[in-house]
Amino acid sequence: MGVCRPSPSAVGAGLAAAGGAAGAGGGIVGGGGGVAPPSCVEDGRVKLRSNATCVEGERKDRARHSSSTILRGATLSHAKCMLPLLRNGRLASSLLWVLPLLIWFYIRLTKKTVMFDHSNIAYRWAYKINRDPNGTILDSLAYVHMGMVESLPNGSICAVFQGSESNYEGSVNQNLYWTTSSDGGKTWSKMEVLLKGDGVALWSPVVLSESGRVWLFFSRSSRRCKYYDRSRGVTRFSPGGDLQYASSDDSGLSWTTPQTVYSFEAEEGMPKVIANKICVLSTGAWVLPFWREPGRTCPPKRILPVLEYPQGSGGVLISGDQGLTWSVHGRLSTPETWLIENTVAELRDHTLLQFFRSKKNWVYQSTSQDMGQTWSPPTPTVLLNPDSKVHLLSLPNGHLLCAFNPSPTKRTPLFISLSRNDGNSWNALAHLETDSSKSFSYPTMLAFKGKLLTIYSVMAVENFRSFCVGMKVAILQLQGSQVQIS
C-alpha cells in the first residue's frame, strides 16, 4: 500500500526486524558522515565544545563521543541547539549559508567509511535509456523523471514515471509510462504508455493502492502555460496544471477516464503540481501534498500575492471518503525560498510532519496538530538539501525514513536515513549512491515484503549538458539485516 504509515502486513516481518545497526555510522546532519558541531549559547555567543552539553538530558549521549569526534559523532539534537540563534539576528543570514558548505566540505575531505553492509542492497533498472557508443538513442524515450513505485492488488509492483521522446521536460509529447515487476523488483516488464497527454505535458504520477483499487494522480498542463524556449528553440510547458486522477480495479489493465481533483483555474489560474505519495492517516483520511508553482506565462504576475511570486506555496488536499471529495488546506510559503515537492508522514502522536525542498540548502518542515487542517510556519531542519525532492515514509513502529541528497549543492550522494524520535535526529540507514560524476534524485520509497524499494532518477553530464540515464531501483533487503528498526 502506498501510505505514509503502512500496515505491518504490507511490510512483513522482515521490516519489523530491520533498521538501526547502521546507526553505527553515528548521528548525522544530512545523511551520514559530517555533522554540525555541538554548541551552546552563552552570553550571546556560540561556543563549540568537545565534552560539554547544551542541555542536561544530552550528557549520556555526549559521553559516548570523545573530543576527537566532535564532527563525526555529534547527533542532530546537538546541532539543533544552534538553530534558535541562527534563526534570529544578523548571524542568521551569514551562518545559514556558510554552515551547510562547511559540513559538505568536511564530508568530502574526510571521506568517512560507509557503515552499512551494501551486500544487502540490489540494484535494477526499471527503465534505462538505450544509447549506442556514440550516444544516439536507440529506443523511444530520451527523457524520464519523477518516478513512483507502488504495490498492486495482484501482488506485483509498478514503477510509473513521466517521459518523452524529447530530451527535456515539458515537451508537447510528455506522457506517463509504466513498467511492472512480479518478482519483487528483480526484473521489470517492457515499458508501456500508461496515459497520453494528447499535445500537452503530463507530470509527476502519484500512485496509491488501497482496498483492491489503484489510483493514479498526476498533473495535466494547461495550454495557457506553453512558452517558447529560446535556448533550445522549442515550445514547452511549465510544470503543473490541473490535478487529476484515474483509477483501476484490475491492477492497471484498464483505467477510468481522468477526473479533475483541483483545477488549474482555481486560485486565478495557478498551476498545481504533486510529487510525493498520498499519506493515509490512522483515521482513514487521505492527505495529498501539492504545491502551487507559477509558470513562465501563467498566471499573470499582477494577480499574485507578493509573497507567492515567484516562489508559489505549498498545501495539502484532504479526502475523507477515498477520493470522492477533497478540501484544500495550507498556503505555506516564505520570502526566503520556494517550498515545493512536499511530503507528509504521520507521527506516533498523530502529528503530521511535512518536509519541503528548498533553495536555502536545508530541508524545510511544517507540522499539523489537527490532521492537516492547519500548519505551522515553515522552518529549516538540520537535513541538507540541494534544491531537490525528498521523501518521508513512516514505518509500522513509528520510526521514520527519509530519502534525500545530503548535500547543499549537488544531487549526489543519495542516502536513506532513519529517525526513531519523530524526526528530531537522524542516523544513516543506507548510502544508496555515492558516485560524484552523476546525479541521483527524486527518490520515492516503498516497503514491500521485508524489503525497502527506492526508485530514483539517474542523470549524467556530457558537453556541459545533463541527460537522462534512466529510472533506477535500489532494493534494500531488511529481513535478516544487521540493522534493527524495532
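Residues numbered from 1 in each chain as written. Predicted model: local features only at pLDDT ≥ 70, side-chain atom pairs only at ≥ 80, totals over all residues. Heavy atoms only, no water.

As recorded by an unreviewed UniProt entry, the protein carries the name Sialidase domain-containing protein and is attributed to Chara braunii.

(A) A look at the confidence of the model for the protein. Summarising the model, the protein shows a mean pLDDT of 81, and 72% of its residues fall at 70 or more. Taken as a whole, residues 482–486 scores under 50 in pLDDT and shows 32 contacts with residues more than four places along the chain or in a different chain. (pLDDT = per-residue confidence, 0-100. Contact = heavy atoms within 4.5 Å.)

(B) Local environment of the pairing of strand β18 (residues 313–319). For β18, the tally of buried residues reaches seven of seven residues, placing the bulk of the element in the interior. Side chains of β18 alternate between two faces, with Ser-313, Gly-315, Leu-317 and Ser-319 and Gly-314, Val-316 and Ile-318 buried alike. Taken together, the seven bridges between strand β17 (residues 286–292) and β18 define a ladder with antiparallel strand orientation. Paired with Arg-292 across the strands is Ser-313, a residue of β18. Where β18 lies against strand β19 (residues 327–332), four bridges are found, and the strand directions are antiparallel. Bridge pairing links Ile-318 to Ser-327 in β19. (Buried < 20%, exposed > 50% of the residue type's maximum accessible area, 1.4 Å probe, protein only. Helix = DSSP H or I, 4+ residues; strand = E, 2+ residues; numbered from the N terminus. Pairing = 2+ DSSP bridges.)

(C) A look at the state of the cysteines. Under the counting rule described, the total for this entry stands at one disulfide. Cys-225 shares a disulfide with Cys-298; S-S distance 1.9 Å. The disulfide joining Cys-225 to Cys-298 has a torsion of about 115 degrees about its S-S bond and is therefore right-handed. Taken as a pair, Cys-225 in the loop between β10 (213–221) and β11 (226–229) and Cys-298 in the loop between β17 and β18 lie far apart in primary sequence, 73 residues in all. (Disulfide = S-S within 2.5 Å.)

(D) Examining the environment of Phe-440 more closely. Tracing the backbone through its elements, the reader meets Phe-440 in strand β28 (residues 439–448). On the accessibility criterion, Phe-440 (2% relative accessible area) is buried. When the C-alpha atoms of Phe-440 and Lys-472 are compared, they prove to be 9.0 Å apart, with 32 residues separating the residues in sequence. Discounting residues that sit within four places of it in the chain, Phe-440 has contacts with Asn-405, Arg-411, Thr-412, Leu-414, Glu-433, Asp-435, Tyr-456, Ser-457 and Val-458.

(E) Structural context of the sheet that holds strand β4 (residues 121–128). The strand order β4-β30-β29-β28 describes an open sheet built from four strands, whose pairing is antiparallel. Looking along the sheet, the strands with just one partner apiece sit at the ends: β4 and β28. Put simply, the sheet's adjacent strands are angled 25 degrees from each other on average, direction ignored. Relative to strand β30 (residues 465–477), β4 is paired through seven bridges, and the arrangement is antiparallel. (Axes fitted to C-alpha atoms, helices over the stretch in contact; angles between N-to-C directions.)

(F) Structural context of the sheet that holds strand β21 (residues 352–357). With antiparallel pairing, four strands are arranged side by side in an open sheet as β20-β21-β22-β23. Looking at which strands have only one partner, the edges of the open sheet turn out to be β20 (340–346) and β23 (379–384). If you compare each strand with its neighbour and ignore which way they point, the axes differ by 35 degrees on average. Here strand β22 (residues 362–368) pairs with β23 via three bridges, running antiparallel.

(G) The environment of Arg-296, seen in detail. Considering the arrangement of structural elements, one finds Arg-296 in the loop between β17 and β18. For Arg-296 and Arg-224, which are 72 residues apart along the polypeptide, the C-alpha to C-alpha distance reads 9.9 Å.

(H) Molecular detail of the nonpolar core. Within the largest apolar cluster, 30 residues are counted, with the highest numbers of intra-cluster contacts made by Phe-217, Ile-278, Trp-286, Leu-288, Leu-317 and Trp-326. Only β6 (157–164), β7 (175–181), β8 (192–195), β9 (202–210), β10, β13 (241–248), β14 (259–262) and β17 provide two or more residues apiece to this core. In terms of residue count, β10 provides more of this core than any other element does, five residues in total. (Core = buried A, V, L, I, M, F, W, Y, C linked by side-chain atoms within 4.5 Å.)

(I) Inspection of the packing of aromatic side chains at higher detail. Taken as a whole and assessed by the stated rule, the structure comprises ten aromatic pairs. On the numbers, 6.4 Å between centres and 20 degrees between planes, the contact of Phe-161 with Tyr-177 is stacked. In this pair, Phe-161 is assigned in strand β6 and Tyr-177 in strand β7, connecting sequence segments 16 residues apart. Grouping residues by exposure puts Phe-161 and Tyr-177 together as buried. (Phe/Tyr/Trp six-rings, centres within 6.5 Å; stacked < 30°, edge-to-face > 60°.)

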